[in-house]
Amino acid sequence: MHYFRAAHERGSADLGWLKSQHSFSFANYHDPQHMGYSVLRVINQDQVAPGKGFDTHQHRDMEIISYVTKGAVEHIDSMGNKYQVPAGDIQVMSAGTGVSHSEYNASSSDVLEFLQIWIKPQHNGLAPRYQQATIQQDSMLTALVTPDGRDGSLVMQQDAALYRLVLAPNQSFELEVMKACGYLQVISGAANLQQLSGSAHTVRPGDGVGVSGEQALTITTENYPLEALWFDLPSA
């Protein structure tokens, strides 16, 4: 694999109310070997205590994607949006020229779990925007966020695409690297990865794999189903 990020080697933060695993350098965690992959800058796996969350803070010039795996995020921003983002929904906020927002666990009793993803935009200084949707899994690989909103997906301001991959046990799927490179982030389950070059690897929850210079990546599950995010990315 061109790049492998083992779950247990990620950076971490424990603030009591927040437990976070950082695939790439973020906040007080800095590792020059892990600054991102192509235009993918942040993947944080966050657990937020009941009723707690991120107070109002600012962003600019970043595509910010939230993928909720358990519970619901309570989102409020300076554009006037106030929504709950439940598990299974996808949320995109283009920070552009600047936006303030807060994110809280909507539950007073259950832990919130979600992935916070940052992607560098193709251009700076764009108008801030917000989108949220429930996107049904209509095939093994379903588009969630794309540059043009194809197939009912949300839109990001970058020549990149984000897909959700869901495989049953004992199933195979061939991922095509359509752009310069791709990145697979495992959410749950396990699978074996095989490249055209012959190299192979087993991935488990929290692992990330970057590939480039390959036309396809074959993913095969055995005893467990797989849920993962697949990023089709341009050159950095």
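In this report, the structure presented in the accompanying data block is examined. Please read all numbers here as calculations on a predicted model, not as lab measurements.

About the cut-offs
Residues numbered from 1 in each chain as written. Predicted model: local features only at pLDDT ≥ 70, side-chain atom pairs only at ≥ 80, totals over all residues. Heavy atoms only, no water. Helix = DSSP H or I, 4+ residues; strand = E, 2+ residues; numbered from the N terminus. Rg over C-alpha atoms; globule rule 2.2 N^0.38 Å. Buried < 20%, exposed > 50% of the residue type's maximum accessible area, 1.4 Å probe, protein only. Contact = heavy atoms within 4.5 Å. Areas by Shrake-Rupley, 256 points an atom, 1.4 Å probe, with all protein chains shown as cover. Pairing = 2+ DSSP bridges. Phe/Tyr/Trp six-rings, centres within 6.5 Å; stacked < 30°, edge-to-face > 60°. Salt bridge = Lys/Arg side-chain N within 4 Å of Asp/Glu carboxyl O. 1 Å grid on protein atoms, 1.4 Å probe; cavity = no way out; pocket = protein on both sides within 12 Å on 5 of 7 lines; lining within 4 Å. Points joined across faces, edges and corners; volume = space filled by probe spheres on them. Nonpolar A, V, L, I, M, F, W, Y, C, P; charged D, E, K, R; others polar. Axes fitted to C-alpha atoms, helices over the stretch in contact; angles between N-to-C directions.

Looking now at the overall build of the chain. Within the chain, the secondary structure is distributed over 0 helices and 22 strands. Expected size for 236 residues packed as a compact globule is a radius of gyration near 18 Å; at 17 Å, the chain falls within 12% of this value. Residues counted as buried form 50% of the 236 residues belonging to the chain. Of the contacts made within the chain by residues no fewer than 6 positions apart, 71% connect residues no fewer than 24 positions apart. Taken as a whole, the chain presents about 10500 Å² of accessible surface, with 47% of it coming from carbon and sulfur.

Let us now look at the pairing of strand β22 (residues 226–233). Within β22, 7 of the 8 residues are buried, which leaves it mostly tucked inside the rest of the structure. Both strand β15 (residues 161–167) and β22 contribute to a ladder of 7 bridges, which runs antiparallel. From the neighbouring strand, Tyr-163 faces β22, where its bridge partner is Trp-230. By the bridge criterion, 8 bridges tie strand β17 (residues 181–189) to β22 in an arrangement that is antiparallel. Within β22, the residue paired with Gln-185 across the bridge is Leu-229.

Tallied over the full model, the rule gives 9 aromatic pairs. Pairing Phe-24 with Tyr-183 gives two aromatic rings, centres 5.8 Å apart and planes at 55°, and the pair type is tilted. Residue Phe-24 is found in the loop between β3 (18–22) and β4 (40–48), and its partner Tyr-183 is found in strand β17; the two are separated by 159 residues along the sequence. What makes Phe-24 buried here is its relative accessible area of 1%. The class of Tyr-183 is buried, set by a relative accessible area of 0%. Between Phe-26 and Trp-118, the aromatic rings sit 5.4 Å apart at their centres with planes inclined by 75°, giving edge-to-face as the arrangement. Here Phe-26, found in the loop between β3 and β4, pairs with Trp-118, found in strand β11 (residues 112–119); they are 92 residues apart in sequence, far enough to count as distant. Owing to a relative accessible area of 15%, Trp-118 belongs among the buried residues under this scheme. An aromatic cluster is built from Tyr-3, Phe-24, Tyr-37, Tyr-183 and Phe-231, whose rings are joined through pairwise contacts.

Enumeration over the complete set of coordinates arrives at 4 salt bridges. Residue Asp-148 is joined to Arg-150 by a salt bridge in which the shortest nitrogen-to-oxygen separation is 3.0 Å. Put simply, Asp-159 and Lys-179 hold a salt bridge, and the shortest N to O gap is 3.0 Å. Of this pair, Asp-159 sits in the loop between β14 (154–155) and β15 while Lys-179 is found in the loop between β16 (172–176) and β17, placing the two residues 20 residues apart along the sequence. On the basis of relative accessible area, Asp-159 is assigned to the partly exposed category, the value being 31%.

In the structure shown here, the tally under the stated rule is 1 cavity of 30 Å³ or more. Estimates place the volume of the largest cavity at around 30 Å³. Considering only residue class, the lining of the largest cavity consists of 3 nonpolar, 4 polar and 2 charged.

Taking strand neighbours across the sheet as the criterion, the 7 strands line up as β2-β3-β4-β11-β6-β9-β12 in an open arrangement whose pairing is antiparallel. Whereas interior strands pair on both sides, the edge strands pair on one side only; in this sheet they are β2 (11–14) and β12 (129–134). Shown here is a sheet whose adjacent strand axes are inclined to one another by a mean of 15°, direction ignored. Examined bridge by bridge, strand β6 (residues 63–70) and β11 share 7 bridges and lie antiparallel to one another. Within β11, the residue paired with Lys-70 across the bridge is Glu-113.

Looking now at unusual backbone geometry. Leaving glycine out, the prevailing phi sign among residues is negative, and the prevailing peptide bond configuration is trans. Its identity is not glycine, yet Asp-61 carries a phi of approximately 50°, on the positive side. Relative to the elements of secondary structure, Asp-61 occurs in the loop between β5 (53–59) and β6. Relative accessible area serves as the criterion here: at 16%, Asp-61 is assigned to the buried category. For Asn-170, which is not glycine, the phi dihedral falls at a positive 60°. With respect to the helices and strands, Asn-170 occurs in the loop between β15 and β16. Given a relative accessible area of 61%, Asn-170 falls into the exposed group.

Nothing here speaks to function; it is all geometry.
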